Structure formats: structure tokens, C-alpha cells
Amino acid sequence: METLLTVNDLAVHFTDSRRGIRTRSEALRGIDLHLKREEVHALVGESGSGKTVTATCIMGLLPSPPGRISRGRILYKDKNLLTLTEGERRQLRGREIAMIFQEPARYLNPALTAGEQIREMVALHLGLDRRTSAKRALDLLRLAGLEETRQVYRSYPHELSGGMKQRAMIAMAISCRPALLIADEPTTALDVTLQQQILELLLNLKQRLSMGVLFISHDLGVVDAVADHVSVIYAGKIVESAPRKALFASPLHPYTRLLLASIPDASRRGHRLEAIPGTVPQGEHIPGGCAFHPRCPLAEEICRREQPASRSHGKDGHSAACHMIGKKWLHLSN
Amino acid sequence: MAPLVELNGLVKEFHSPGLIAARRRSIRAVDGVSLGIGSDSIFGLVGESGCGKTSLARALLYLDPPSAGEVRFDGIPLGRLSPGALKEMRSHMQIVFQDPNSALDPRLRVGQSLEEGLVNRRVPREERQRRVSALLKRVGLSPDQRSRYPHQFSSGQKQRLVIARALAVEPDFLILDEPVSNLDVSIQAQIINLLLDLKRELALTFLFISHDLNLVAYLSDTIAVMHRGRIVEQADAEELVARPLHPYTRRLFASLPGHGGLDETTPQRDETTPAPGGPGCGFVPACPRRHADCLTRRPELTDTGNGHLVACPYADLSNSEEERP
Amino acid sequence: MEILSFLARKTGRLLLTVLLISTLVFFVIRILPGDPAAVIAGIDANEEDIRLIRARLGTDRPLAGQYIEWLKCVLRLDFGDSLISGQPVTRLIMERFPLTLSLALLGILISVLIALPLGVLSAVRRWSVYDTLGMLFSQLGMAIPSFWLGIMLLLLLAVKLRLFPLFGSGDLRHLILPAMSLGVARAAVLLRLTRTSMVEELSKEYVITARAKGLTERMVKYKHALKNALLPVITVAGIQLGYMLGGAIIIEQVFSLPGLGRLFLFGVYQRDFTLIQGGVVFVAVVFSLINFLVDILYSLLNPRIRVR
């Protein structure tokens with residue numbers, strides 16, 4: 001399968017001048033990603049880890065006064081997106097690279113009907129006239145699993161349920177048959193039963209339209225259900241990357257392992273959860289060396305001094321950035 | 001032994017405003033709920049958004065008095081108490097809500113927020129200071145942080161503060177309404193562990209409300225499943241997890257990510273759901289086991305043996321393979 | 001059906017407002033100490049004259065009766081005759097209303113034409129030269145009294161340059177200067193509001209979606225953001241129109257325009273009670289009507305208010 005996206009050593013920082021003091025916070029500190037057609041690559045991380053910034057950069061929507069790309073390349077079909085002009089990037093947006101967001105209520109324009117918000121995109125990118133684009137919009141709504149398409153077309157976002165809004169947003173995103181779809185926490189705000197429907201819809205569409213999906217989430221359960229490949233991001237760096245099965249069966253990085261061990265479910269009844277002490281470091285206060293070392297039960301002197309490079313382990317593209325791989329855990333139930 | 005908290009036929013109706021009586025619509029957020037929470041236990045209430053779980057919590061505490069039915073705490077019916085007695089009773093029952101960011105008054109120092117309940121009960125100043133320090137330490141924060149403002153804390157720390165505030169008046173019973181839903185995964189585990197430690201140390205009883213089935217399955221002693229204002233299934237946690245009987249419960253389990261794909265219990269589209277409180281079973285639009293009389297006859301919770309209650313006459317009691325999640 | 005009930009509610013509110021205002025006007029005049037008839041008659045009047053005037057006013061009858069009579073008149077839009085000129089109040093008002101209406105409409109038009117484009121420009125190019133100029137204009141506009149501006153415009157454009165006529169009310173040319181004086185002051189406020197509203201909308205999440213869809217910046221700003229940003233601006237513009245329709249008294253004086261403002265002003269000077277009564281009710285009705293229309297317009301633009 002064709003490789004759609006390759007991200008090399010992407011680094012982003014934000015500068016903030018408040019009361020004359022300039023602070024610089026590192027949102028991304030050099031990340032690598034890759035994505036092929038018909039593949040779902042999940043980017044997993046907690047809030048503040050940099051996952052949304054990654055999506056924003058790929059879309060070319062990083063707000064440039066506070067944000068700045070320090071280094072790196074984003075290759076889409078072998079074109080470096082960072083070297084394109086704004087006009088060229090805009091042409092790609094929606095047409096080849098599309099995005100869906102977390103809270104459809106906020107991310108849809110309340111003053112326009114759902115149908116119009118889809119139609120305008122199709123009309124613009126595909127050069128269709130009003131009637132044709134309207135019809136196309138109706139077809140897209142059906143493709144997204146909605147039945148009363150005419151009704152939904154005419155409705156304003158606040159008249160639609162959460163699930164319908166999200167489907168409308170999906171219809172919008174796939175409207176021009178993009179090759180790459182970025183999904184930023186698309187099911188986080190939805191109920192569990194709806195969540196499953198939407199995930200299935202996304203997988204379905206992925207096959208049908210032969211898209212590559214970059215799936216951003218903090219929910220490992222959801223990731224387990226949809227991903228082909230998983231990258232775990234912590235404090236602006238990818239700490240582990242592996243095919244889904246390998247990541248869940250034999251996680252290497254302590255953060256990944258602790259994360260998996262801290263999720264409650266019925267099978268853990270009676271056992272204490274492995275809570276990671278402390279909090280995720282924010283952009284201005286990232287610890288030196290390995291960013292995770294203050295919270296890591298395996299940390300040693302080298303972890304404080306030196307940032308671990310990402311290294312391959314075994315076959316099948318399983319890599320992790322940690323000095324302590326192979327060190328024995330004492331009490332971790334995994 | 002009598003349960004610590006008892007609900008009998010609890011109903012909570014909301015009326016949408018209208019000048020003409022005919023156009024006024026009433027919605028039964030809680031539609032006849034009866035349950036008992038034993039002392040020292042964790043009662044888990046699981047349901048999706050809109051099922052009425054928050055309304056239930058508020059009605060239970062008489063924050064929004066119920067439209068019908070009764071609530072008994074330690075055998076005493078709350079509805080019969082005078083306002084003064086009810087206020088006194090409140091120090092036994094407290095609630096922790098979902099969003100720590102809006103639960104704390106941003107204009108008060110956190111020490112002041114924590115001691116509010118004590119001020120109301122006329123606890124003398126020195127005693128209040130002592131208790132606030134002790135509370136902060138107990139939830140894992142430092143007593144010197146009492147003079148800070150909420151915005152100076154992280155979400156996880158704020159939730160700890162909210163828990164501390166609830167514990168200030170030394171309640172016996174704590175309702176937790178989605179206490180960790182807004183928190184990052186690694187912080188969730190910290191708060192869960194904290195809650196369990198506190199429960200043990202202070203001999204608390206919990207009503208734990210959440211939409212997260214996994215979490216409820218992990219924590220609870222008893223689980224009740226709520227759908228459109230009604231309890232549709234209730235059993236000991238392990239029993240429910242091993243043998244979910246109600247079609248809705250099964251669908252919840254099947255929907256957990258990673259539990260298998262489309263099956264008979266998954267509807268193909270969004271349910272357009274009528275308002276709760278009507279005749280018949282609320283799950284009809286999406287139920288794979290529906291029969292003709294499900295539309296007219298309201299299913300009652302019946303015991304299928306060993307305390308496993310189900311509100312569905314057509315539930316598959318044999319728990320056959322084809323539908324097991 | 002929902003739309004009908006919405007309209008019904010709004011109309012009901014309108015009627016209720018009119019009723020309340022009429023009642024208030026009625027009682028204020030009669031509760032104030034002093035006999036209006038005596039005041040009207042003057043210091044030297046004798047008992048006979050006062051009694052005659054009282055009979056004409058109707059103040060010698062019991063209060064409840066007077067009130068009913070008053071309400072009936074209001075419904076018929078018959079406010080009696082002016083005590084000074086003897087002409088029917090309603091006719092006096094209607095003669096002058098078209099002028100005031102034209103002035104107000106022109107004033108609002110000018111202010112919107114100035115404020116909207118400049119406000120949007122300020123918002124879109126924040127902290128740029130345009131923005132600074134816009135904010136400066138806004139500050140000045142709010143600080144400068146409209147009558148001063150009016151006089152300046154008169155001096156410059158009418159006297160010195162002879163571009164516009166000095167006074168009179170014949171045609172449109174007579175209205176331009178006064179409308180500008182009114183309009184510029186209002187524009188200052190609207191400009192600031194437009195800017196703030198636009199900035200706020202541009203920072204909302206749906207704008208991110210619009211950009212992510214690859215829409216042109218123009219579409220993002222005007223089709224998406226502006227549509228939402230206009231809502232508060234329209235409301236305020238409507239209220240300003242309402243004020244102007246009550247008669248821009250000072251401007252009318254400066255430009256010697258025979259509008260409603262001057263009419264009511266002289267009515268007050270001359271203690272022309274019936275005129276004042278009628279005037280107050282009229283202005284209140286007009287203002288409520290404007291609010292009513294603004295509400296409807298708002299609901300047309302904001303789908304969320306529309307049906308619920």
C-alpha cells in the first residue's frame with residue numbers, strides 16, 4: 001500500500017510574551033510518524049502531550065504568531081507540506097487531507113444548515129453547480145449512515161442529536177474523497193453505543209474510500225478497537241510505536257505499561273490500580289533527559305541526564321525510546 | 001440488615017413551560033426507581049447520557065425534591081423532615097460532581113471553599129483550620145495550599161479538593177457523579193485509588209454513577225443499569241458482568257470497544273427516541289427481542305434468582321452463546 | 001405552528017407594553033401635585049377659566065372614568081387636541097413623522113455603512129494600521145457630541161463650501177448633514193461592537209472546521225464568521241433606530257428641521273399636556289414596534305432562537 005504520510009523529526013514551540021517576559025514552551029520535540037492507505041495509525045496521549053498540535057501542523061493550521069515549527073518535514077505523497085505556499089496548502093485541505101473533530105456542536109457553524117456546510121465544500125473543491133452539489137451532499141449524508149437525509153440537510157446543527165452531528169461532520173470530511181483523514185477524538189464526547197457505531201462507520205469508510213486514517217485519542221480501549229498501528233506520545237515525543245497487537249501484548253516503554261495497567265475493568269476487581277504519580281509536564285516545564293523520568297519507577301541516573309533515542313526492538317516496526325528496556329519490573333501486574 | 005439508603009418508587013418530573021396547559025409537556029427523568037444501598041458498600045449506577053442518573057442523584061439528596069416516591073436515609077424518610085432537620089441530615093450525605101473546574105468558586109481560596117460546610121454548622125474557627133489541614137493532607141495535598149485559588153491547581157488536584165470539601169462535614173454516604181470522566185487516564189487511576197482508600201479509612205458508603213461500564217464493573221459491589229429513567233437490571237457486580245440479561249445491558253457490554261463487531265444487538269442507526277415516561281418499555285426502538293406487548297406493558301423488575309433483577313419478560317435467562325458479549 | 005405562537009407571544013408583549021406606558025403616562029400627569037388646569041390657565045386666571053379648562057381636559061370627572069376614557073382614546077389613536085394650537089395631536093404627529101422617519105433611517109444607514117466595513121476590517125486585521133485608525137475613529141466618534149459635529153458640518157459644508165442647504169426640509173439634500181451628524185456618533189459604537197463580535201466569532205471552533213475544509217479565507221470570514229457576528233450588531237442598531245425615531249431633538253434644533261423632536265420639545269416648553277401625553281405614548285409605541293421588528297429579524301438570522 002502506498003505511503004501517504006511521513007512525518008520526520010517535527011518540532012513545534014510556542015512563544016508567549018506576557019508582561020515583557022518571553023516564555024517558550026515546547027509542544028512537539030521531534031516526532032516521527034508514518035501512514036499508509038487503508039491503515040489506521042492511532043496517536044495516543046493524554047492532554048497536553050502534543051497530539052492535537054500534530055494534527056494541526058499536518059493540516060497547516062498552526063496559528064503562527066504564537067506557534068512556530070522549529071524543524072522537521074511533513075511529507076504527504078512525497079511533497080513536503082511545510083514548503084508549500086498557503087494557497088497550495090489550502091487546496092489540499094478538505095480535498096486531499098480532511099479532519100473531523102471532537103465536539104461536533106462546537107465545530108459546526110450554528111448559523112448554517114448541516115446540508116449547506118457539506119454542499120459548499122463539494123461545490124468549491126469539485127466545481128459543481130448548486131443543484132449537483134446539493135445532491136452530492138445528500139448522498140454523502142446517506143453514506144454517513146443517516147436515513148432522513150433531506151430532513152438533516154435542512155436542519156441546523158442545534159436541531160440534530162450528537163450522533164447525527166458527528167455523522168454530518170464525517171460526511172463533510174469525506175465529501176471530496178480525501179486520501180488522508182485525521183480524526184481528533186471523534187468519539188470522546190459520545191455515548192458508548194453511539195461510539196461503536198461511529199467507529200464502525202469510520203472503518204467502513206476507510207476501506208471504501210481507501211483512506212489512511214490518523215486517529216487521535218486518549219482512550220486505549222478505543223484504540224485497541226480501531227488501530228492497525230499505534231504511537232504513544234508523551235510530552236511532545238513519541239515514546240513507543242508498534243503494531244497494535246504488539247503494543248497491547250508486549251508494551252516496552254514504562255509509560256505505556258503503566259497506562260495500560262491503570263485502566264480499570266472487571267478483570268481487575270480487587271486489585272489496586274497502577275496509578276502514575278504526578279502529572280503530565282506542560283510545555284514550559286519539561287524535565288531534562290527523559291521527560292518521563294520523574295514519574296518512572298525504573299528511572300536511573302542516565303534517565304535524568306540523557307534523552308533516550310527511539311530504537312527498534314524485534315521485528316515489525318516496534319520501537320521505543322527508553323534506557324531501561326529489559327529492566328525487571330517488580331510488582332507490575334500486566 | 002436494613003440498607004443505609006433506600007429509594008421507593010422515586011419519580012422526578014420536569015415540566016416544560018407553556019401558557020396553555022395542553023401544550024405543557026412533562027418529562028419523567030426518573031420514572032419509578034426503587035433500590036437499596038447497603039452500608040459500607042459501593043453501589044454502581046451505570047447509564048448513558050440522558051438516562052436520568054444525575055436527576056436521580058439530585059432527587060435523592062432532595063436538592064430537587066422528588067415529584068413522588070420516598071427516600072429513606074438510615075430508615076428516616078427525608079420527605080417528612082422539616083427544613084432544619086433536612087439540613088442536619090445533609091451532613092450525612094454529600095455529593096461530588098463531574099466537572100472539578102466549575103465545582104469550586106473561583107473567587108474563594110480553596111481553604112475557604114473547604115470550610116464552608118463547617119462554617120454553616122457553626123464550627124469554631126480553630127477547629128475549622130485544624131480540620132481543613134487534615135483534609136488537605138488526607139487527599140494528598142499540602143496544607144499550605146489552602147490559601148491558593150482554584151485556577152492554580154490542575155484538574156486532578158481540583159477534583160481532590162472537591163472530594164475534600166465533601167468530606168469536611170464527615171458524611172457517611174457519598175454520591176459520586178462521574179467523578180473521573182473529565183480527567184486524564186493517569187489521573188483517573190490516582191483519584192480512584194484515593195476514593196477507595198478514603199472509603200476504607202472512613203467507613204463510607206458510595207453511590208458511584210458513571211457511563212463507563214468498565215469502571216463501574218471494577219469498583220462496585222452491586223451494579224444497577226439505568227435506561228430512560230428506569231432501572232432495567234440490577235445484580236451483584238460479578239454476577240452482572242458474567243451474566244448480563246437485559247438486552248440493553250448486553251448492548252452496553254457489546255459496545256465496549258474491542259468486544260466484537262456488529263451483532264444482533266447493535267442498531268444500524270441512531271435511535272430517534274421519544275421522551276421517557278410513556279407506557280411500555282423504553283428500549284423498544286432498539287431492542288432485538290421486542291414483542292408486541294412490549295409497547296403497552298411496562299416491564300417490572302423481577303428477581304430471576306439470587307438477587308439478580310431484570311425488567312424484561314423476554315430476557316434470555318439461559319444466557320445462550322449467540323448473544324454473549 | 002411554532003412560528004405563529006412565537007409571533008403571538010411577541011405581539012402580546014408589544015400590546016402589553018403599550019398598555020403599561022399609556023397607564024403610566026396617565027397617572028404621572030394626574031398624580032403630580034398641582035392642578036394641571038390651573039397651570040395651563042396661568043397665574044392670573046380666574047375660577048371660571050380654570051373650570052372651563054378642567055372640563056376640557058376632563059380632569060373634573062372621577063379618576064376611574066378618566067382612565068377608561070383615556071384607554072379608549074389610545075386605542076382609537078385619538079389623543080385629543082393640542083392645548084396651544086387647537087389642532088388634533090395625532091395630526092400634528094403624523095405631519096412630522098415622515099421627516100423624522102427619513103432622518104432616522106438615513107442616519108442608521110450611514111452609521112451601518114461606516115461601521116460594518118470598518119469594524120470587520122479592524123477585526124480581520126487586528127493591531128494593524130487600519131485597526132488603529134478604526135479604533136481612533138471610534139473613540140473620537142463617541143467623544144464628540146453630535147450637535148457639535150452638526151454645527152461643524154453646517155459651517156464647513158453649508159456655509160463655507162455651500163454644498164448643502166442651510167435649513168429647510170424640502171428634499172433629501174436637507175437631510176444629509178443632519179443624518180451624518182447622527183450617523184457618525186452611532187457608527188462609533190457600532191464599529192467597536194462589530195470588531196469585538198467579529199473577533200470573538202473568528203476564535204470559535206467552527207471557524208477551524210471551515211478552514212480545515214479548505215474554504216477560502218473570504219468564505220471563512222464572510223459566509224461563516226460574519227453571519228454570526230452580525231447578530232449583536234443588528235440588535236444594537238435596531239435600538240439606536242428606535243431612539244432616533246423618537247426625534248433627535250438636538251439635531252433637529254441645529255438644522256431647524258420640523259421633526260417630531262422639535263414638536264415635543266415645544267410641547268414641553270408650552271406645557272401642552274395633551275400633546276405631551278400623545279407624544280410619549282406615540283414614541284413608546286414606535287420604540288416597542290422597532291424592538292419587535294428587531295426581535296423578528298434576529299430570529300431570522302439566528303436559527304437557534306427561531307422556534308423554541
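What comes next is a walk through the structure.

Here is what the cut-offs are and how they apply
Residues numbered from 1 in each chain as written. Chains lettered and ligands numbered in written order. Predicted model: local features only at pLDDT ≥ 70, side-chain atom pairs only at ≥ 80, totals over all residues. Helix = DSSP H or I, 4+ residues; strand = E, 2+ residues; numbered from the N terminus. Buried ≥ 20, exposed ≤ 12 C-beta atoms within 10 Å, placed from the backbone. Contact = placed C-beta atoms within 7 Å. Nonpolar A, V, L, I, M, F, W, Y, C, P; charged D, E, K, R; others polar. Pairing = 2+ DSSP bridges. Axes fitted to C-alpha atoms, helices over the stretch in contact; angles between N-to-C directions. Left-handed = near helix turned anticlockwise from the far one by under 90°. Parallel < 35°, antiparallel > 145°, perpendicular 65-115°, else oblique.

1. A short note on the overall build of chain B
Here's step 1: Tallying secondary structure elements over chain B gives ten helices and twelve strands in all.
Here's step 2: By residue count, 44% of the 325 residues in chain B fall in the buried class.
Here's step 3: Within chain B, contacts between residues separated by at least 24 positions form 65% of all contacts whose residues are at least 6 apart in sequence.

2. Side note on the interface of chain A and chain C
Here's step 1: At the junction of the two partners, chain A supplies 22 residues and chain C supplies 16 residues.
Here's step 2: When contributions to the side of chain A that touches chain C are tallied by element, the ones reaching two or more residues are helix H2 (86-92), helix H3 (104-107) and helix H4 (114-126) of chain A.
Here's step 3: At four residues, the largest contribution of residues to the side of chain A that touches chain C is made by H4(A).
Here's step 4: A breakdown of the residues in the side of chain A that touches chain C according to their chemical character gives twelve nonpolar, five polar and five charged.

3. Structural notes on the interface of chain A and chain B
Here's step 1: Contacts between the two partners involve 33 residues from chain A, matched on the other side by 30 residues from chain B.
Here's step 2: Of all elements in the fold, only helix H7 (162-174), helix H8 (192-209) and helix H9 (220-226) of chain A reach the threshold of two or more residues within the side of chain A that touches chain B.
Here's step 3: Ranked by residue count, the leading element in the side of chain A that touches chain B is H8(A), at five residues.
Here's step 4: For the side of chain A that touches chain B, the residue count by class is twelve nonpolar, eleven polar and ten charged.

4. What to know about the sheet that holds strand E1 (residues 3-18) of chain A
Residue and element names in this part refer to chain A.
Here's step 1: Within the open sheet, the four strands sit side by side as E2-E1-E4-E5. Their pairing is antiparallel. Each end of this open sheet is capped by a strand with a single partner; those strands are strand E2 (21-36) and strand E5 (79-80).
Here's step 2: Strands E1, E2 and strand E4 (67-76) of the sheet are contacted by helix H1 (residues 51-59), whose axis makes an angle of about 75° with E2.

5. Some remarks on the packing of helix H9 (residues 205-212) of chain C against helix H10 (residues 217-245) of chain C
All names here are of chain C.
Here's step 1: Two numbers describe how H9 lies on H10: the axes approach to 10 Å, and their chain directions differ by 145°. Where H9 crosses over H10, the handedness of that crossing is right-handed. Touching Tyr206, Val207, Ala210 and Arg211 of H9 are Val220, His224 and Ala225, all from H10.
Here's step 2: Among the residues forming the contact of H9 with H10, the class breakdown is five nonpolar, one polar and one charged.

6. Some points on the environment of Leu154(C)
Residue and element names in this part refer to chain C.
Here's step 1: Summarising the element assignment, Leu154 is placed in helix H7 (residues 146-160).
Here's step 2: When the 19 C-beta atoms within 10 Å are taken as the criterion, Leu154 is described as partly exposed.
Here's step 3: As a C-alpha pair, Leu154 and Ser181 span 27 residues in sequence and 9.9 Å in three-dimensional space.

7. Describing the sheet that holds strand E9 (residues 229-234) of chain A
Residue and element names in this part refer to chain A.
Here's step 1: An order of E6-E7-E8-E3-E9-E10-E12-E11 is seen for the eight strands of this open sheet, with the pairing classed as mixed. Each end of this open sheet is capped by a strand with a single partner; those strands are strand E6 (97-100) and strand E11 (311-312).
Here's step 2: Bridge analysis of E6 against strand E7 (residues 180-184) gives four bridges, and the strand direction is parallel. Bridging across to E7, Ile97 finds its partner in Leu180.

8. Points about the packing of H4(A) against helix H5 (residues 130-143) of chain A
Residue and element names in this part refer to chain A.
Here's step 1: In the contact formed by H4 and H5, the axes pass within 8 Å of each other and the chain directions differ by 120°. The orientation of H4 relative to H5 falls into the category oblique. Note that H4 runs across H5; the crossing there is right-handed. Facing Gly115, Ile118, Arg119, Val122 and Ala123 of H4, the residues of H5 in contact are Arg130, Ser133, Ala134, Arg136, Ala137 and Leu140.
Here's step 2: When its residues are assigned to classes, the contact of H4 with H5 shows six nonpolar, two polar and three charged.

9. Points about the arrangement of the chains
Here's step 1: There are two pairs of chains in contact here; the most contacts are made by chains A and B.
Here's step 2: Regarding chain B and chain C, which are not in contact, the minimum distance between any of their C-alpha atoms is 10 Å.

10. Topic: the environment of Ser231(A)
Residue and element names in this part refer to chain A.
Here's step 1: Structurally, the position occupied by Ser231 is in strand E9.
Here's step 2: As for Ser231 and Lys135, which are separated by 96 residues in sequence, their C-alpha atoms are 39 Å apart.
Here's step 3: For Ser231, the residues in contact, after removing those within four places along its chain, are Leu33, His41, Leu43, Ile238 and Ser241.

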